[in-house]
Amino acid sequence: MRIAQVAPLFESVPPRAYGGTERVVSYLTEALIEQGHEVTLFASGDSVTSAQLVPMSERGLRLDPSRPDGVMRHLVMVDRVFEQAGDFDAIHFHIDALHYPLACRSATPCVTTLHGRLDLPDLKPLHAQFRAHPLVSISQAQREPLSNANWCATVHHGLPRELYRFHERPGDYFAFIGRVSPEKRLDRAIEIAIACDTPLRIAAKVDDADRAYFEREIAPRLDHPLIEFVGEIGDVEKNDFLGQARALLFPIDWPEPFGLVMIEAFACGTPVVAWRCGSVPELMRDGVTGFVVDDQEGAIDAARRIHRIDRRSCRGFFERRYTADRMAQRYLQVYQALIDARACPDDGAAADAAELPL
């Protein structure tokens with residue numbers, strides 16, 4: 001199958017450090033190629049891939065000192081994609097909605113995976129207008145605010161099976177990985193670690209939009225002797241950082257669409273203590289891969305009991321549910337269903353594929 005993957009330009013594919021969507025696009029692209037498919041990747045020029053790369057910016061926009069306009073760069077990329085649309089059997093977008101008007105009129109089947117939160121008010125009229133465009137959710141929980149959109153599947157993210165090593169014996173610290181932002185609740189993680197008298201190592205980035213929050217709410221807490229702020233890390237560093245942790249703390253306070261770091265922890269054999277928000281109950285198995293909690297008191301208790309979780313069960317859970325091969329196979333089913341539906345249009349119009357079971 002000839003497949004186009006259209007990635008955001010904010011980070012390289014894969015990203016040098018933080019960047020969930022671009023990381024998933026990379027894993028999917030490489031898995032599709034390993035399964036014998038021809039993939040063209042539209043992404044930033046500093047991306048590293050086995051696919052045919054169509055560079056749409058010199059580097060990832062977030063780290064470009066010239067501060068280019070993201071909307072303008074993505075519009076140029078969308079136009080380039082549809083100039084070449086006839087070269088593909090399916091086009092897979094990961095860039096929100098800028099392409100919708102052209103995708104709905106394209107002779108080549110197009111699908112969009114939505115990677116972000118969907119409870120924003122403008123999304124309902126947007127997707128009512130573009131009701132014909134097929135969408136993929138990354139969790140069942142993610143799609144709840146847009147339940148009437150044209151969902152054709154839910155596909156959970158996956159990681160290369162050998163990307164993270166299993167760590168049977170952890171060190172003596174908790175880990176936090178993510179953005180420093182109000183919804184990620186690093187403050188809760190710090191409180192849990194101090195209550196458990198256990199070191200907390202923090203691998204996180206601070207976006208400009210969250211700088212004031214970091215200085216006001218987080219920076220004063222970093223002076224505690226149990227707290228270590230490491231900064232952004234990539235896959236190489238993340239393997240031991242996560243794998244040697246007693247647990248990953250995931251104390252979110254928002255409807256998390258997926259939470260890639262949770263399955264990264266499972267791959268290492270590291271259990272997770274996570275709040276019951278968004279996709280957390282869907283992706284975890286309470287008591288097997290860690291504990292799902294409802295409040296800070298429950299989180300502290302769970303962190304103190306985390307040694308009861310079998311780390312091999314965490315790794316086994318990852319291998320059964322969250323590999324890149326499995327993700328790629330699911331997306332191939334989506335592409336084929338859309339191709340088949342387009343080949344047999346109903347009443348002269350492009351037909352929607354029936355939703356694939358999870």
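This text follows the structure it describes.
In this numbering scheme, every chain counts its residues from 1 along its sequence in written order. Local features in this predicted model are restricted to residues of pLDDT 70 or higher, and side-chain atom pairs are both shown and tallied only at a pLDDT of 80 or more, whereas totals for entire chains, interfaces and linings draw on every residue. Only hydrogens and water are set aside; all other atoms, that is, all heavy atoms of the structure, feed into the side-chain values.

Think of a 1 Å grid over just the protein atoms. A cavity is a set of points where a 1.4 Å probe fits yet cannot get out, a pocket is an open set with protein on both sides within 12 Å along at least five of seven lines, and lining residues have an atom within 4 Å of a point. Grid points are joined across faces, edges and corners, and a volume is the space filled by probe spheres set on the points. Under the defined criterion, the tally for this structure stands at 1 cavity of 30 Å³ or more. The volume enclosed by the largest cavity comes to roughly 40 Å³. Together, Phe176, Ile177, Gly178, Lys184, Leu249, Phe250, Pro251 and Ile252 line the largest cavity. Residue composition of the lining of the largest cavity, grouped by class: 6 nonpolar, 1 polar and 1 charged. As a working rule, the residues Ala, Val, Leu, Ile, Met, Phe, Trp, Tyr, Cys and Pro are called nonpolar, Asp, Glu, Lys and Arg charged, and the rest polar, with Gly in that last group.

Here we take up the environment of aspartate 87. Only DSSP runs of H or I covering at least 4 residues are called helices, and only runs of E covering at least 2 are called strands; the numbering of each starts at the N terminus. With respect to the helices, strands and loops of the structure, aspartate 87 is situated in the loop between α2 (70–83) and β4 (90–93). Expressed as a C-alpha distance, the spacing of aspartate 87 and histidine 307, which sit 220 residues apart in the sequence, is 53 Å.

The next thing to look at is the environment of leucine 222. Here leucine 222 shows up in the loop between α6 (211–218) and β10 (227–229). Should any heavy atoms of two residues lie within 4.5 Å, those residues are considered in contact. Excluding residues within four positions of it along the chain, leucine 222 makes contact with Ile190, Ile202, Phe214, Ile227 and Phe229.

To continue, consider helix α1 (residues 20–34). Given a helix with a known number of residues, its expected span is that number minus one, times 1.5 Å. The first and last C-alpha atoms of α1 sit 21 Å apart over 15 residues, in line with the 21 Å expected at 1.5 Å per residue. Among the 15 residues that make up α1, 11 are buried, leaving the element largely enclosed by the rest of the structure. Looking at α1, one finds that the buried residues are Thr21, Glu22, Arg23, Val24, Val25, Ser26, Tyr27, Leu28, Thr29, Ala31 and Leu32. In this structure, the buried residues of α1 make contact with β1 (2–6), β2 (38–43), β4, α7 (235–243), α8 (260–268) and α12 (324–343). Directly beyond the C-terminal end of α1, a positive phi value near 95° is found at glycine 36. Each residue is placed in one exposure class: buried if its accessible area under a 1.4 Å probe, protein chains only, is under 20% of its type's maximum, exposed if it is over 50%, and partly exposed if it falls in between.

What follows deals with the side chain of threonine 289. Topologically, threonine 289 is positioned in the loop between α9 (280–283) and β13 (290–293). Residues contacting threonine 289, with those up to four places away along its chain left out, are Phe266, Pro271, Val272, Met284, Ile309, Cys314 and Phe317.

The complete set of buried residues in helix α11 (residues 311–321) reads Arg311, Cys314, Arg315, Gly316, Phe317 and Phe318. The inward-facing, buried residues of α11 contact α7, α8 and α9. The N-cap of α11, judged by a side-chain oxygen 2.9 Å from the amide nitrogen of arginine 312 a few residues on, is aspartate 310. Throughout this description, a polar contact denotes any pair of N or O atoms lying within 3.5 Å of each other; where both atoms belong to protein, one of them has to be capable of donating a hydrogen while the other can accept it, and for residues adjacent in sequence the pair is counted only when both atoms sit in side chains.

This brings us to the sheet that holds β13. Strand pairing follows a simple DSSP-based rule, namely that at least 2 bridges must link the two strands. Strand order in this open sheet of 6 strands is β10-β9-β8-β11-β12-β13, and the pairing throughout is parallel. Since the sheet does not close on itself, it has two edges, and those belong to β10 and β13, each with one partner. Neighbour-to-neighbour, the strand axes of the sheet open up by a mean angle of 20°, direction not taken into account. Bridge count between strand β12 (residues 272–275) and β13: 4 bridges; the pairing is parallel. Looking across to β13, one finds that valine 273 is bridged to phenylalanine 291. The strands touched by helix α5 (residues 186–195) within the sheet are β8 (174–179), β9 (200–205), β10, β11 (247–250) and β12, with β9 carrying the most contacts at an inclination of about 170°. Think of each axis as a best-fit line through the C-alpha atoms, taken over the contacting stretch in the case of a helix, with angles from 0 to 180 degrees between the N-to-C directions.

This is a description of form; function is not addressed.
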